[in-house]
Amino acid sequence: MADDDRTLTTRQGHPVQDNQNQRTVGSRGPATLENYHFLEKISHFDRERIPERVVHARGFVAYGEFEATGQIGDEPASTYTRAKLFQTAGKKTPLAIRFSTVIGGRDSSEAARDPRGFAVKFYTEDGNWDLVGNNLAIFFIRDAIKFPDVIHSLKPDPVTFRQEPNRILDFMSQTPESMHMLTHLFSPRGIPATYRHMEGFGVNTYKMVNAAGETVLVKYHWIPRQGVASLTEEEAAKVQGQELGSASKDLYEAIERGDYPQWDLYVQLMEDHDHPELDWDPLDDTKIWPEDQFPLRRVGTMTLNENVKDFHNENEQIAMGTGVLVDGLDFSDDKMLVGRTFSYSDTQRYRVGPNYLQLPVNSPKGRAGKVYTNQRGGEMSYGVDTAPGQNPHVNYEPSIHNGLHEAEKQPYHAPQISGRLTRSDLDRTNDYLQARGRYNTMNDWERDELINVLGAMMAESERDVQERMLWHMFMVHDDYGQRIGEVIGMTAEDVKHLKPLPRQQLSEAELERLAHLG
Ligand code: HEM
């Protein structure tokens, strides 16, 4: 067969002689059922889609590399972590990134007001590391058990299938920890102009572990060298009137023309304990770590320089999760992080299949792509992970007959944990404090946009939801409450009768504000 032979075949390798006509009795039919080529073609087409992601369904993948500085800020990276990808200046690690929107379906608008996913898969020499983040530094909730609720409130109504302001604000108004996130999301930061012009954040609190097994708490930040740009509601309406996939298009075209986007990766560090001196908890993902107290320290740069070859194989089937860490990086007890870590691989075993890690986009490329496990079988098993020289009969460990063996033990990070089993919120909730800080530091036009957009949404809600939302706005800032009140025709007088929510534990500062509201 010539090298340039492009003869169409079935997946069984049979050359296809007629791809235009089914096999029929005479030219007018009826059709026959033994027509293998026709059946294979149609039945494969019937199965072309896999379930879309339950969140972050619309997204776009690109490839690139991460170049380490060898430092964490001014200090050698090894002071804080033994993760190999950070150790040496100039060390390059290949990566895949998937940007996404959260709430809309697979064909929805990329100019919607929505957080954006910022998920990076580093193919390190020690196996994969997934840093699954968003473009906003914080989140709506701080306990994973509330995730299905917050997402249900934001997704379309199960009856009308419309995204309903009243459902969203009903949930949020009963969830005071969401006020900080809402203040970000309804500002222009809630609609990034493109994927290239947005920041990325790990959001949850992780740990780094050094060679001695010592740990620090860490938060991750990606800062775009292209700058940050956002759209107003009006600009976004124009963009999505023309093009639903505006952000994917922008990224794909930039990479095609060689205009490679770059982000610097920074970390914030904190000693690994509960920091009673702070009036918020370092494990609370509704809080930022102020940069004047916890400075940003640069660790490297990411460059995106390659596009996907096939959207389905590389975008729909890529699977990332917070459980995927390498030696030198670790989890904290952040209750969102722990819940997320279960959820991602659970959904991927359902969405892509139990052997999703055998697919090229998910399989590790480090250690020259070597994966040696004793896992066998399962739907769509494609290969057997045996090591060279491994006895193929020995798919268990330990064995004295040439089986796989464990890696060398590293000093282990083994925190002492004690406490009563309980169901309770964190002690230092302070849900209004940082929303207030954010409101204060916005530019005038950003604040105007926040008031108009959130006010318009509140105007579509029922009176009891409006009242509770407005009460929270006043708890954040007088000006915030007054201006939103003007949009919906209410004042502080209209919400004075409300008491804190039954589950709310107000801090001293918050009790003072409550007294101030009268
Ligand atoms: C995707 C669960 C919070 C960022 C997903 C998926 C699930 C999920 C089930 C779909 C994964 C897939 O089908 O491959 C959760 C749960 C959360 C949570 C249970 C809270 C407990 C967060 C937070 C962030 C985040 C706080 C931001 C830091 C992402 C991103 C994706 C994603 C970026 C898309 C990954 C991709 O592009 O493939 N999440 N999530 N999630 N989540 Fe979360």
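Residues numbered from 1 in each chain as written. Predicted model: local features only at pLDDT ≥ 70, side-chain atom pairs only at ≥ 80, totals over all residues.

A. Structural view of the overall build of the chain. Counting secondary structure elements, the chain contains 14 helices and twelve strands. Against the globule reference of 24 Å for 518 residues, the chain gives a C-alpha radius of gyration of 26 Å, in line with a compact fold. With the principal axes as the frame, the chain shows a C-alpha extent of 85 × 70 × 45 Å. Split into buried and exposed, the 518 residues of the chain put 37% on the buried side. Residue pairs in contact within the chain that sit at least 24 positions apart in sequence constitute 73% of those at least 6 positions apart. (Helix = DSSP H or I, 4+ residues; strand = E, 2+ residues; numbered from the N terminus. Rg over C-alpha atoms; globule rule 2.2 N^0.38 Å. Buried ≥ 20, exposed ≤ 12 C-beta atoms within 10 Å, placed from the backbone. Contact = placed C-beta atoms within 7 Å.)

B. Seen up close, the confidence of the model for the chain. Confidence in the prediction for the chain averages 95 pLDDT; 100% of positions are at 70 or higher. If you check the scores for this complex, the pTM reads 0.96 and the ipTM reads 0.96. (pLDDT = per-residue confidence, 0-100.)

C. View of the UniProt feature "domain: Catalase core" (unreviewed entry) in the chain. Mapped onto this numbering, the UniProt entry gives "domain: Catalase core" (unreviewed entry) at residues 9-405. The distance separating the terminal C-alpha atoms of residues 9-405 is 44 Å; by composition the span is 21% helix and 20% strand. (UniProt positions renumbered as here; feature names shortened; annotations may be inferred.)

D. Expanded view of the packing of helix α12 (residues 463-476) against helix α13 (residues 478-488). Contact geometry for α12 and α13: axes closest at 5 Å, N-to-C directions at 150 degrees. Between α12 and α13, the interaxial angle falls into the category roughly antiparallel. Crossing of α12 over α13 shows right-handed handedness. The segment α12 lies against α13, with Gln466, Leu470, Met473, Phe474 and Val476 engaging Asp478, Tyr480, Gly481, Ile484, Gly485 and Ile488. In terms of residue class, the contact of α12 with α13 is built from seven nonpolar, three polar and one charged. (Axes fitted to C-alpha atoms, helices over the stretch in contact; angles between N-to-C directions. Parallel < 35°, antiparallel > 145°, perpendicular 65-115°, else oblique. Left-handed = near helix turned anticlockwise from the far one by under 90°. Nonpolar A, V, L, I, M, F, W, Y, C, P; charged D, E, K, R; others polar.)

E. Fine view of the pairing of strand β9 (residues 215-224). Where burial is concerned, most of β9 is hidden: eight out of the ten residues are buried. In this structure, strand β7 (residues 200-201) lies alongside β9, joined through two bridges in antiparallel fashion. Looking across to β9, one finds that phenylalanine 201 is bridged to histidine 221. Sheet topology note: the strand β8 (residues 206-209)/β9 ladder contains four bridges and is antiparallel. Residue pairing for β9: valine 209 is matched across the bridge by threonine 215. Here β8 folds back onto β9, and the loop between the two strands holds five residues, one of which, glycine 213, carries a positive phi near 85 degrees. (Pairing = 2+ DSSP bridges.)

F. A look at helix α10 (residues 433-441). Among the residues of α10, Leu433, Gln434, Ala435, Arg438 and Tyr439 are the ones counted as buried. Those residues of α10 hidden inside the fold are in contact with α4 (179-185), α12, α13 and α14 (508-517).

G. A look at helix α6 (residues 246-256). For α6, the full list of buried residues reads Ala247, Ser248, Leu251 and Ile255. Looking down the long axis of α6, one finds its buried residues gathered within 100 degrees of arc, a one-sided arrangement. Of the exposed residues in α6, the ones pointing more than 90 degrees away from its buried face are Glu253 and Glu256. Close packing links the buried residues of α6 with β1 (59-68), β4 (92-101) and β11 (297-307). The positive-phi residue at the C-terminal boundary of α6 is glycine 258, with phi of around 85 degrees. (Arc of directions from axis to C-beta.)

H. The arrangement of the nonpolar core in detail. Judged by nonpolar contacts, the single largest core of 93 residues is most densely connected at Leu95, Ile97, Val476 and Ile484. Broken down by element, this core gets its largest block of residues, eight residues, from α12. Ignoring sequence-local partners within four residues, the contact set of isoleucine 484 consists of Ile451, Leu454, Gly455, Met458, Leu470 and Met473. Grouped together as the second largest cluster of nonpolar side chains are five residues, Ala111, Ala193, Leu231 and Ala236 included. (Core = buried A, V, L, I, M, F, W, Y, C linked by C-beta atoms within 7 Å.)

I. Main features of the packing of helix α2 (residues 147-154) against helix α3 (residues 165-173). Two elements in contact, α2 and α3, have axes separated by 7 Å at closest approach and are oriented at 150 degrees. On the basis of their axis angle, the class for α2 and α3 is roughly antiparallel. Residues Asp149, Val150, Ser153 and Leu154 of α2 form the contact with α3, whose participating residues are Arg167, Ile168, Asp170 and Phe171. Its residues assigned to classes, the contact of α2 with α3 shows four nonpolar, one polar and three charged.

J. Examining the pairing of strand β6 (residues 127-134) more closely. Taken across its eight residues, β6 has seven buried, putting it largely inside the fold. When strand β5 (residues 116-124) meets β6, the two strands line up antiparallel, connected through eight bridges. Counterpart to phenylalanine 118 in the pairing with β6 is glycine 133. Between β5 and the antiparallel strand that follows it, β6, lie two residues.

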